[in-house]
Every structure is written in structure tokens, then in C-alpha cells.
Amino acid sequence: MFSEAIVRTPCRAMVNGLSSAGLGVPDYATALGQHREYTRALQACGLKVTVLPPDEAFPDSTFVEDAALLTPRCAVITRPGAVSRRQETVSMRGAVNSLYDKVEHIAAPGTLEGGDVLMVEEHFFIGLSGRTNIEGARQLIAILEEYGMTGSVIGLEEVLHLKTGVSYLENGHLLACGEFTGVRDFQQFQILEVAPDEAYAANSLWLNGAVLVPAGYPRSSAMIADAGYEVLEVDVSEFRKLDGGLSCLSLRF
Ligand code: CIR
């Protein structure tokens, strides 16, 4: 169960955020409204939410998930592979220091973004992506083992982050799309397969028994509801334009 979350209000500079989606420039006013609704959804699931102020120096800073990993036993400040995002960790460190006694760090030449880390109880799958390298993964696994947890790597080729294409919904349910449905290490789970034309919904978020699903993916919503979850749909269209999904917008712990 999660009791708290951290989010960061989007900054005006988000219109200059990194993007490969080809869906146009996000509308800032709409994004702010969507972010407020997203925050309300987290609160509706019982989480106390710390809202960090917008940081105009970093267009992608609303995607807080990439700057840290919050585990039940320690926090890890990452070292984002995207150079324009690397210094997002400085203010994240300040926020995390007040919430965790144990704060670890990924160091150069390691790179790691939280979007590549999928938590399944005390095991963490780490995607090797354009943003997370083998050295970053090696450092994270060493940190996890120090705290009695484990990690392993998963290669990925088609998407930005591991969690772009796969989400763990607890109870042995793995929501997965495309290249991840056949991954050997995932066959231990009951795979809920997201159709390619609804691939964006593969990044959904289990929150204390409910699942946040992006609005506009009805077959995925129905499949998740059929698996026994209360589904809360949240419109994050403006964040999708920057390749961001539901999980990227918060850190849960
Ligand atoms: C980026 O390219 O870094 C941002 N525009 C999107 C980050 C999305 N984060 C995530 O999937 N965890």
C-alpha cells in the first residue's frame, strides 16, 4: 500500500520538453488542469500528496518519477540519461531528504531514470534503455541488495522507458504491451495484454486497490476492470505529447 506521493506542478517551459510523440505542443493551461485532476485522483486513493512548485529551469521536471526511486527501505536519487534533465535531481534530493533517512545515489558513469524501474514487491526490474545504462542498473542492484531487496535487468528496444510498456497491478497481474508480452522473466505473471492501438494505456498505475488508467483507452479500461480493479480514468493528453504517462507524474511510497 502507498501512503504518500510527490508530484511537481508543470512549469510554463514544459512546451519545450523532450518529445518524440509527434502529437504537437502541449497546452499549458490544459496541462495544469489535468495535473490538478491527477493529484486529486492520488488523494482519492488515500495518498497524502506533496506538491512541489514548478521549476522553470527544467521543462520536463513535472515527470518526477525519473529523478528518484522511492523504495520501502531507502530512496535512490537517480542520474538521468537525458542530459537536459540531469540537474532535476538537485531539488529532488532536497524534497526526498526530508522524507527518508536513507538516501542513496547513482553516480557517473551510471545513468538511470525511474521510468525504467518496475517494482514488484521486493524485486525491481530495470529496463536498459536510451536513458538507463548497464552501469546505472548495476549500481541500483548493489544498493537494493544492501537493503535486502533484489534487481534484474530487462532489455528494451521500442519504447522510451520500461514502464512505458509495462505496469505491475499487484496480485500477480502484469499489464503489458508489444515487446514486453513475450519477455521470459515476465511469464511468471498473469499478463493482461494491451492492444497495440491502445499502447499508451500500458502505463497505468495501481494505487491501493484501484488502478488509474489514461482516459481514452476503453478496451484496456474494461480489461483492467474485468480483472477485478476499480478503474479511475484520468485525462493526461498534454503529458502524452511529451512521451509522459501516468506513472511519470508522481513518486509513490
Ligand atoms: C522525457 O523525454 O524525459 C520526458 N519528456 C518524458 C518522461 C516520461 N517519464 C517516464 O516515462 N517515466
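Everything below is about the structure shown above.
Residues numbered from 1 in each chain as written. Predicted model: local features only at pLDDT ≥ 70, side-chain atom pairs only at ≥ 80, totals over all residues. Heavy atoms only, no water.

What about the environment of Ala13?
Part 1: Mapped onto the secondary structure, Ala13 falls in the loop between β1 (4–8) and α1 (28–44).
Part 2: With 16 residues separating them in the primary sequence, Ala13 and Ala29 have C-alpha atoms 12 Å apart.
Part 3: Each residue touching Ala13, except ones within four places of it in the same chain, is listed here: Glu56 and Pro59. (Helix = DSSP H or I, 4+ residues; strand = E, 2+ residues; numbered from the N terminus. Contact = heavy atoms within 4.5 Å.)

Quick notes on the sheet that holds strand β7 (residues 123–128)
Part 1: Pairing in this open sheet of 3 strands is mixed, and the strands run β6-β7-β8 from one edge to the other. Each edge of the sheet is formed by a strand with only one pairing partner; in this case those strands are β6 (117–120) and β8 (150–155). Each strand of the sheet is rotated relative to its neighbour by a mean of 25°, with strand direction disregarded.
Part 2: Pairing analysis gives 4 bridges linking β6 to β7, with the strands arranged antiparallel. For Val117, the partnering residue across the bridge sits in β7 and is Ile126.
Part 3: Together, β6, β7 and β8 form the strand contacts of helix α3 (residues 134–146), whose direction differs from that of β8 by roughly 160°. (Pairing = 2+ DSSP bridges. Axes fitted to C-alpha atoms, helices over the stretch in contact; angles between N-to-C directions.)

Observations regarding the pairing of β7
Part 1: Taking the residues between adjacent antiparallel strands as the criterion, β6 and β7 are bridged by 2 residues, where Glu121 takes a positive phi near 55°.
Part 2: In this region the chain leaves β7, passes through α3 and returns to the parallel neighbour β8; the handedness of that crossover is right-handed. (Right-handed = clockwise from strand over helix to strand, strands pointing away.)

Regarding the site of the ligand
Part 1: Around the ligand sit 13 residues, and of these Leu18, Asp60, Asp66, Leu242 and Cys248 come closest.
Part 2: In the environment of the ligand, a nitrogen atom lies 2.8 Å from a nitrogen or oxygen atom belonging to the side chain of Asp60.
Part 3: For the ligand, whose accessible area on its own is 350 Å², the fraction buried by protein is 99%.
Part 4: Residue composition of the shell around the ligand, by class: 4 nonpolar, 3 polar and 6 charged. (Near = heavy atom within 4 Å. Polar contact = N/O pair within 3.5 Å; in protein donor to acceptor, adjacent residues only side chain to side chain. Areas by Shrake-Rupley, 256 points an atom, 1.4 Å probe, with all protein chains shown as cover. Nonpolar A, V, L, I, M, F, W, Y, C, P; charged D, E, K, R; others polar.)

Some words on the layout of surface pockets
Gaps left between atoms are located by rolling a probe of water-molecule size over the structure's atoms.
Part 1: Here the largest pocket defines a volume of roughly 490 Å³.
Part 2: The wall of the largest pocket is formed by 29 residues, among which Val159, Leu160, Thr164, Ala199 and Tyr200 lie closest to the centre.
Part 3: Ranked by the residues each element gives to the lining of the largest pocket, the list is headed by helix α4 (residues 162–165), at 3 residues.
Part 4: For the lining of the largest pocket, the class distribution of residues is 11 nonpolar, 10 polar and 8 charged.
Part 5: Taken as a whole, the second largest pocket spans an internal volume of roughly 250 Å³.
Part 6: For the second largest pocket, the lining is made up of 13 residues, of which Met1, Phe2, Pro72, Met119 and Glu121 are closest to its centre.
Part 7: Taken together, the residues that form the lining of the second largest pocket break down as 8 nonpolar, 1 polar and 4 charged. (1 Å grid on protein atoms, 1.4 Å probe; cavity = no way out; pocket = protein on both sides within 12 Å on 5 of 7 lines; lining within 4 Å. Points joined across faces, edges and corners; volume = space filled by probe spheres on them.)

What about the nonpolar core?
Part 1: Counting 38 residues, the largest nonpolar core has Tyr38, Leu42, Leu169, Leu207 and Leu212 as the members making the most contacts within it.
Part 2: Put simply, the parts of the chain that give this core at least two residues each are β1, α1, β12 (205–207) and β13 (210–214).
Part 3: Sorting elements by how many residues they give to this core places α1 first, with 5 residues.
Part 4: Each residue touching Tyr38, except ones within four places of it in the same chain, is listed here: Val7, Leu205, Leu212, Val234, Leu246, Ser247, Leu249 and Ser250. (Core = buried A, V, L, I, M, F, W, Y, C linked by side-chain atoms within 4.5 Å. Buried < 20%, exposed > 50% of the residue type's maximum accessible area, 1.4 Å probe, protein only.)

So, the pattern of salt bridges
Where charged atoms from two side chains of opposite charge approach closely, those side chains can pair.
Part 1: With the rule as written, the count across this model stands at 11 salt bridges.
Part 2: Here Glu88 ties to Arg85 by a salt bridge, and the two come within 2.8 Å at their closest N and O atoms. When sorted by exposure, Glu88 lands in the same class as Arg85, which is buried.
Part 3: Residue Arg131 is joined to Glu113 by a salt bridge in which the shortest nitrogen-to-oxygen separation is 2.9 Å. Of this pair, Arg131 sits in the loop between β7 and α3 while Glu113 sits in the loop between β5 (103–105) and β6, and the two are 18 residues apart along the sequence.
Part 4: Several salt bridges converge on common partners, so that one network encompasses Glu65, Lys163 and Arg252. (Salt bridge = Lys/Arg side-chain N within 4 Å of Asp/Glu carboxyl O.)

By themselves these figures say nothing about function.
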